[in-house]
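Letter by letter, the chains look like this.
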Amino acid sequence: MGKIIAVVNQKGGVGKTTTAVNLTAALTDLGLKVLLCDFDPQANATSGLGLDKRKTKYTIYDVTINGVPAEEAIVTTQYGDVLPSSADLAGATVELISANHRERQLDMALNSVKEKYDLIFVDCPPSLEMLTLNALCASDGILVPVQCEYFALEGLSDLMATLRTVKRRMNPRLEIFGVALTMFDGRTNFSAQVAQEVRRHFPGKVFTSVIPRNIRLAEAPSHGIPVTAYDRSSRGAAAYRSMAEEIKNKL
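Residues numbered from 1 in each chain as written. Predicted model: local features only at pLDDT ≥ 70, side-chain atom pairs only at ≥ 80, totals over all residues. Heavy atoms only, no water.

(A) Summary view of the overall build of the protein chain. Of the regular secondary structure elements, the protein chain holds twelve helices and seven strands. A globule of 251 residues ought to have a C-alpha radius of gyration of about 18 Å, and the protein chain, at 17 Å, matches this closely. Summarising its shape, the C-alpha atoms of the protein chain cover approximately 50 × 40 × 30 Å along the three principal directions. Counting over 251 residues, the protein chain shows a buried share of 53%. When the accessible area of the protein chain is evaluated, it comes to approximately 11,000 Å², of which 49% is carbon and sulfur surface. Charge separation in the protein chain, taken as the distance between the mean sites of 28 positive and 27 negative side-chain charges, equals 4 Å. (Helix = DSSP H or I, 4+ residues; strand = E, 2+ residues; numbered from the N terminus. Rg over C-alpha atoms; globule rule 2.2 N^0.38 Å. Buried < 20%, exposed > 50% of the residue type's maximum accessible area, 1.4 Å probe, protein only. Areas by Shrake-Rupley, 256 points an atom, 1.4 Å probe, with all protein chains shown as cover. Lys, Arg positive; Asp, Glu negative; His and termini not counted. Charge placed at Lys NZ, Arg CZ, Asp CG, Glu CD.)

(B) The state of the cysteines, seen in detail. Inspection of the entire model under this criterion finds zero disulfides. Free of any disulfide, Cys124 has its nearest neighbouring cysteine sulfur in Cys37, separated by 8.5 Å. Sulfur of Cys137: no disulfide; nearest cysteine sulfur belongs to Cys124 and is 11 Å away. (Disulfide = S-S within 2.5 Å.)

(C) Layout of helix α7 (residues 130-138). With eight of its nine residues buried, α7 lies for the most part within the structure. Those residues of α7 lying buried are Met130, Leu131, Thr132, Asn134, Ala135, Leu136, Cys137 and Ala138. Packed against the buried residues of α7 are β1 (3-7), α5 (92-96), α6 (105-111), β5 (119-123), β6 (141-147) and α8 (156-169). The N-terminus of α7 is capped by Glu129, whose side-chain oxygen sits 2.6 Å from the backbone nitrogen of Leu131. (Contact = heavy atoms within 4.5 Å. Polar contact = N/O pair within 3.5 Å; in protein donor to acceptor, adjacent residues only side chain to side chain.)

(D) Representation of the side chain of Ser191 within the structure. Among the structural elements, Ser191 can be located in helix α9 (residues 189-201). Apart from residues lying up to four places away in sequence, Ser191 is in contact with Cys148, Met183, Phe184 and Asp185.

Following this line, the structure appears as structure tokens:
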């Protein structure tokens, strides 16, 4: 049965979707059966794996709100399977308020398909609200991308407090699966200092592989493909392949 990992950080611009997309592709290349569930209304993970978010028949909104079986919404790509999102998901927070077991809708949706996968990533929106709560209740662990910049640790205390609350009250299996250092600039001492500080805060949880600042990583989404397909020889692609190897060994 697959392990479900929520890729979460309430700060925007930390490389969350980039990490979800490229780890899905890299782990698929390694022979794992991987599903990326795009649970962000911006649907960037959907387009990042080559899907037109305006043309998908069903989305995660239909699955969680309208009762469409998850297997009917999943789209297979050469980079991994995708449970796509759309802008409709933005209204789900309001609609879930009146639902029974409102924090369990994603958990129930993924329950029917998780045995088919080695790993399921859930790309979360950059906030700690009902969609993210659903992702945390459905997951076995969280993967936290942290950018190697000045405000790296800002807000992480709120995320950890939410994690502890969900673990205590709703999902006792929830753990920190890993912390991914992103946007690392090897030319500065500051990036190294931030990385050291993050490792001090999360002992034993930070991946050895570090994701660098890399123009190819920034360009790949505009082509609708992961960086491992856009420029396999780039530093960004090499870093995500290395992190995928760590994850595969961890599993």
